[in-house]
Each structure stands twice: as C-alpha cells, then as structure tokens.
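Coordinate analysis (summary)
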Amino acid sequence: MADSIWGRYKTILFFSYIYLVGLLMLVASVSVPGLHPTADQDNANAVQNTVLFLSLYTIALGTGGIKPNVSAFGADQFDEDDPQ
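Just so we're clear, the structure is a prediction, and the values are computed from it rather than from any experiment.

1. A look at the overall build of the protein chain
Within the protein chain, the secondary structure is distributed over 3 helices and 0 strands. In sequence order, the protein chain lays out its α and β elements as α-α-α. Burial analysis of the protein chain (84 residues in total) assigns 18% to the buried set. Within the protein chain, contacts between residues separated by at least 24 positions form 63% of all contacts whose residues are at least 6 apart in sequence. In the structure as shown, the protein chain presents an accessible area of about 6,300 Å², 64% of it carried by carbon and sulfur atoms.

Structure follows, in structure tokens:
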C-alpha cells in the first residue's frame, strides 16, 4: 500500500494516527472507572475485556503499518555514491 497507493510518508502518518487512537483507548481502559475491574472484582467483565483487547489490536495494527515503512524510509536517506 505504501509504494503503490499512498506513499511512505502518508502511510506512516495514517498508521501513526491509528496507533495513537489505540494508545488513547488503552489509557481510557485504565482511567475510566467502568472500563477496568475494581479492587473487589476477581475478573474483568465482557465489556472491560473487549475494550482492552480492541485497544491492543488497534495498537498492533498501527505498529504493523509503521515499522516496515519507517525502516525503508530510513534506508532511503543513505546515498550509495557518498563515500562517508
């Protein structure tokens, strides 16, 4: 997708936003009182688990879009003709 449709920079930017949304969801899952188990609960309920895993999957999607493109983006900065 990065080479054929959007370009590397736009792909990195797009997946960075997805990564940020996943991180914000993860922060919300531990900050909002109804989205994390209380001290007297032994296990998390279905909604709490869903929010947690959805945020982790969103972070994984963002990371999967960023990492391969950043490596290639960094490698493009080197000039083979430069002796340094």
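On we go.
2. Regarding the environment of Val51
Along the polypeptide, Val51 turns up in helix α3 (residues 46-75). Between the C-alpha atoms of Val51 and Val30, which are 21 residues apart in sequence, the distance is 10.0 Å.

3. Here we look at a nonpolar patch on the surface
Judged by side-chain polarity, Tyr9, Leu13, Tyr17, Leu20, Leu24 and Phe73 come together as a nonpolar surface patch covering roughly 630 Å² of accessible area. Examining the composition of the nonpolar patch, we find that 5 residues originate from one element, helix α2 (residues 8-31), more than from any other. With respect to the secondary-structure elements, Leu20 resides in helix α2.

4. Let's talk about the environment of Ser16
Position of Ser16 relative to the elements: it lies in helix α2. Taking the C-alpha atoms as reference, Ser16 lies 7.8 Å from Thr63; in sequence the two are 47 residues apart.

Rules used in this analysis
Residues numbered from 1 in each chain as written. Predicted model: local features only at pLDDT ≥ 70, side-chain atom pairs only at ≥ 80, totals over all residues. Heavy atoms only, no water. Helix = DSSP H or I, 4+ residues; strand = E, 2+ residues; numbered from the N terminus. Buried < 20%, exposed > 50% of the residue type's maximum accessible area, 1.4 Å probe, protein only. Contact = heavy atoms within 4.5 Å. Areas by Shrake-Rupley, 256 points an atom, 1.4 Å probe, with all protein chains shown as cover. Patch = residues over 30% accessible without salt bridge, like charges linked within 9 Å, V, L, I, M, F, W, Y side chains within 5 Å. Salt bridge = Lys/Arg side-chain N within 4 Å of Asp/Glu carboxyl O.

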